[in-house]
Amino acid sequence: MNTMKISLLIFFISIFSIFSCSHNNTYEESKQFTINDFNKSEDLKGVILNFDSMIMRPTGLMVTDSFLIIIEPSMDKLFTIFNLKDKKAIGKRINKGQGPEDMIRPRFLGAKANVIQIMDMATSTMFEYEKTEFINNTDPKPIYRIKLEYPIFIDAEIVNNNIVGFFDDNLYQLKLFDLQGKEFSKFAPFPTSNIPFTEMEKKEVFYMNFTTNGIDKIVLCYYMTDLIEIYNIDGSLKKRLHGPDQFISRVKEYHDGEISGSSPVKGSNRDAFFSPEKAGDEFFVLYNGGSIDDPGHSSSCNQLFTFTWDGTPQKIYNLNNPIFSFTVDEINKTIYGISNTPEYHIVEYKYK
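Only a predicted model underlies this, so the values are computations on that prediction, with no experimental measurement involved.

### Digging into the pattern of salt bridges
Here comes step 1: Applying the stated criterion to the full structure yields nine salt bridges.
Here comes step 2: Asp245 serves as the salt-bridge partner of Arg270, at 3.3 Å between the closest nitrogen and oxygen. Highlighted residues: Arg270 in the loop between strand S21 (259–264) and strand S22 (273–279) and Asp245 in the loop between strand S19 (237–242) and strand S20 (251–256), separated in sequence by 25 residues.
Here comes step 3: The structure contains a network of salt bridges with shared partners spanning Glu101, Asp139 and Lys141.

### A closer look at the environment of Lys131
Here comes step 1: Looking at where Lys131 falls in the secondary structure, it is placed in helix H2 (residues 131–136).
Here comes step 2: Looking at Lys131, the relative accessible area reads 9%, which means it is buried.
Here comes step 3: Distance from Lys131 to Leu176, taken between C-alpha atoms, is 25 Å for residues 45 residues apart in sequence.
Here comes step 4: For Lys131, the contacting residues outside a window of four places in its chain are Thr64, Asp65, Lys112, Ala113, Asn114, Val115 and Ile116.

### Details of the sheet that holds strand S2 (residues 40–44)
Here comes step 1: Strand order in the open sheet formed by five strands is S2-S25-S24-S23-S22, with mixed pairing between adjacent strands. Both outer strands of the open sheet, S2 and S22, are each paired with one neighbouring strand and no more. Across the sheet, the mean angle separating the axes of adjacent strands is 20° when strand polarity is ignored.
Here comes step 2: With six bridges connecting them, strand S23 (residues 282–287) and strand S24 (residues 301–308) associate as antiparallel partners. Pairing of Phe284 across the sheet is with Thr306, part of S24.

### Topic: the state of the cysteines
By definition, a disulfide links the sulfur atoms of two cysteines through a covalent bond.
Here comes step 1: Tallied over the full model, the rule gives zero disulfides.
Here comes step 2: Here Cys221 stays free of any disulfide, with the sulfur of Cys301 as its closest cysteine sulfur at 12 Å.

### Notes on the confidence of the model for the chain
Here comes step 1: Within the chain, residue pLDDT values average 92, and 93% of them lie at 70 or more.
Here comes step 2: A low-confidence stretch, residues 3–23 (pLDDT under 50), is modelled with three contacts involving residues beyond four sequence positions or located in other chains.

### Section: the environment of Ile143
Here comes step 1: One can find Ile143 in the loop between H2 and strand S11 (144–147).
Here comes step 2: C-alpha of Ile143 to C-alpha of Glu130: the two residues are 13 residues apart in sequence and 6.9 Å apart in space.
Here comes step 3: Setting aside residues no more than four positions away along its own chain, Ile143 makes contact with Val115, Glu128, Tyr129 and Glu130.

### Observations concerning unusual backbone geometry
Here comes step 1: Put simply, Gly243 and Pro244 share a cis peptide bond, and its omega is 15°.
Here comes step 2: With respect to the helices, strands and loops of the structure, Pro244 is situated in the loop between S19 and S20.
Here comes step 3: With an omega of -5°, the peptide bond between Thr341 and Pro342 qualifies as cis.
Here comes step 4: Here Pro342 is to be found in the loop between strand S27 (334–339) and strand S28 (345–350).
Here comes step 5: With a phi close to 65°, Ala188 is a non-glycine residue in the positive phi region.
Here comes step 6: Counting through the fold element by element, Ala188 comes out in strand S15 (residues 183–189).
Here comes step 7: With a relative accessible area of 0%, Ala188 lands in the buried category.
Here comes step 8: Even without being a glycine, Lys333 presents a positive backbone phi close to 50°.

### Observations regarding the sheet that holds S11
Here comes step 1: Taking strand neighbours across the sheet as the criterion, the four strands line up as S8-S9-S10-S11 in an open arrangement whose pairing is antiparallel. What marks the edges here is a single partner per strand, and that holds for strand S8 (106–111) and S11. Each neighbouring strand pair of the sheet contributes to a mean axis angle of 15°, computed without reference to strand direction.
Here comes step 2: Alignment of S8 against strand S9 (residues 115–120), held across five bridges, turns out to be antiparallel.

The rules we used
- Residues numbered from 1 in each chain as written.
- Predicted model: local features only at pLDDT ≥ 70, side-chain atom pairs only at ≥ 80, totals over all residues.
- Heavy atoms only, no water.
- Salt bridge = Lys/Arg side-chain N within 4 Å of Asp/Glu carboxyl O.
- Helix = DSSP H or I, 4+ residues; strand = E, 2+ residues; numbered from the N terminus.
- Buried < 20%, exposed > 50% of the residue type's maximum accessible area, 1.4 Å probe, protein only.
- Contact = heavy atoms within 4.5 Å.
- Pairing = 2+ DSSP bridges.
- Axes fitted to C-alpha atoms, helices over the stretch in contact; angles between N-to-C directions.
- Disulfide = S-S within 2.5 Å.
- pLDDT = per-residue confidence, 0-100.

Laid out in structure tokens, this is it:
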């Protein structure tokens with residue numbers, strides 16, 4: 001066989017290999033689903049909320065009673081509170097800084113009947129405030145504050161009076177802490193697929209966020225593969241869902257002298273799930289599905305999926321104004337989303 005024939009053979013084998021892998025992406029113990037597995041698809045038309053104070057670059061939001069609280073990390077005061085009845089700002093809260101009552105990178109843990117819980121991800125410190133104090137006082141004081149004994153990243157949530165957070169590890173993704181900040185459990189190993197990844201590549205390709213039902217379930221939703229995992233609070237895997245398109249993005253580890261890292265493989269990366277949120281008996285999660293190499297691609301999403309806590313697909317909401325983060329007022333059946341198309345604003349969606 002001459003050199004040209006050998007080269008052609010190698011070329012076609014490579015193409016076949018890539019084609020086969022792209023159509024047979026699988027995870028161990030996974031259940032595949034498609035768009036057809038949802039009970040209903042519904043179009044939602046959003047209403048842009050016109051507040052009396054300009055929205056800058058919000059990253060998170062939460063509804064409690066008739067108030068919408070927005071995180072704006074670029075501002076000197078990190079939280080802006082709006083009255084949803086008249087769309088007026090009632091004040092800004094919490095200095096950005098390194099003082100004992102300041103924060104740097106806050107995330108909402110949630111609001112119970114009388115308290116608001118916030119985690120400063122930059123310091124792995126939880127702050128708890130009386131709700132009326134946080135809403136009405138220009139300088140609210142925390143009634144409880146605890147620093148976790150180990151740092152966490154990306155996000156934190158409350159489940160069964162414990163704190164769950166992402167941490168940097170080669171084996172597990174999540175840690176559980178008690179409300180004194182003591183670690184007592186690690187769980188959620190990186191998913192195992194039919195594609196080999198190095199330890200460094202795993203940390204990028206399996207970047208994710210999570211939510212909980214507050215009681216006994218933790219749901220992981222991945223950004224670069226359309227994978228959802230549901231864990232019990234004891235760390236056991238309840239269900240692994242792959243869909244609706246069954247893809248796995250690719251990254252490649254590189255080394256340049258003392259510098260090492262990983263970068264996306266061109267033409268092999270898509271956006272998947274964003275911003276999972278609990279909503280009573282269900283959880284909601286944004287879905288994108290677009291290729292990051294497409295001209296004009298945006299990570300904002302115009303589809304919102306809902307699932308039961310056991311992983312059964314329920315509804316697809318098609319959003320006319322794409323969003324990248326949101327919160328759910330389950331009592332009033334209202335979704336509040338952050339959109340940056342074309343400029344930052346808050347969109348309200350009513351659902352049934």
